Amino acid sequence: MIRFLNVLAIAALVGTAIFAYSVKYETMFRAEKIVQLREKLQKQTDEIGTLRAEWEHVSRPERIANLADQFLQLQTPALTQIVPPSGLPDKGPAHDDIAQKLDALGLDSASNTPVDRMATGQISPGTH
């Protein structure tokens, strides 16, 4: 009987040691994973900071204006070429032409949807 109790106590100690080792191993594994994720997060944060700095450099209005001048060779209009908003017409000259072309194509000018000339209302998309 005593031997059985000794074997049972040894088995319990071995089981406890295995359980403690597995808990320790799992804890170490998770700690290493947390360290890796923190390093990855720090790396991505640094990359985001670098990209933001590059974006601020690239999107500066002065740089965009210089590139437009350099590649598009735009020239500033003379003061006599600038038309104030009060000098603009209410409707564009081609507004009536566009409306006539839309009518010729069978499109409603308000919504650019097909209109059935035989029906009283518009054709809804997807119905036949």
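Because the structure is predicted, anything quoted here is derived from the model rather than measured. (Residues numbered from 1 in each chain as written. Predicted model: local features only at pLDDT ≥ 70, side-chain atom pairs only at ≥ 80, totals over all residues. Heavy atoms only, no water.)

### Let's talk about the overall build of the protein
At step 1: Assigned secondary structure in the protein consists of 3 helices and 0 strands.
At step 2: When the helices and strands of the protein are listed from N to C terminus, the series reads α-α-α.
At step 3: As displayed, the protein offers around 12,200 Å² of accessible surface, 63% of which is attributable to carbon and sulfur atoms. (Helix = DSSP H or I, 4+ residues; strand = E, 2+ residues; numbered from the N terminus. Areas by Shrake-Rupley, 256 points an atom, 1.4 Å probe, with all protein chains shown as cover.)

### With respect to the confidence of the model for the protein
At step 1: Residue-level pLDDT values for the protein average 79, and 76% of them are 70 or greater.
At step 2: Looking over the protein, one finds the lowest element-wise mean pLDDT in helix α3 (residues 95–105), namely 70, and the highest in helix α1 (residues 2–58), namely 93. (pLDDT = per-residue confidence, 0-100.)

### Quick notes on the pattern of salt bridges
At step 1: Evaluated as defined, the whole model comprises 2 salt bridges.
At step 2: We note a salt bridge from E62 to R60, for which the minimum N-O separation is 3.5 Å. (Salt bridge = Lys/Arg side-chain N within 4 Å of Asp/Glu carboxyl O.)

### Description of a nonpolar patch on the surface
At step 1: There is a patch of nonpolar side chains on the surface, built from M1, I2, F4, L5 and L8 and spanning about 610 Å² of accessible area.
At step 2: Residue placement: M1 occurs in the segment before α1. (Patch = residues over 30% accessible without salt bridge, like charges linked within 9 Å, V, L, I, M, F, W, Y side chains within 5 Å.)

### Observations concerning helix α2 (residues 61–72)
At step 1: An ideal rise of 1.5 Å per residue puts 16 Å on 12 residues; α2 measures up with 16 Å between its terminal C-alpha atoms.
At step 2: Phi for Q73, located one or two positions after α2, is positive at around 50°. (Expected span 1.5 Å × (residues − 1).)

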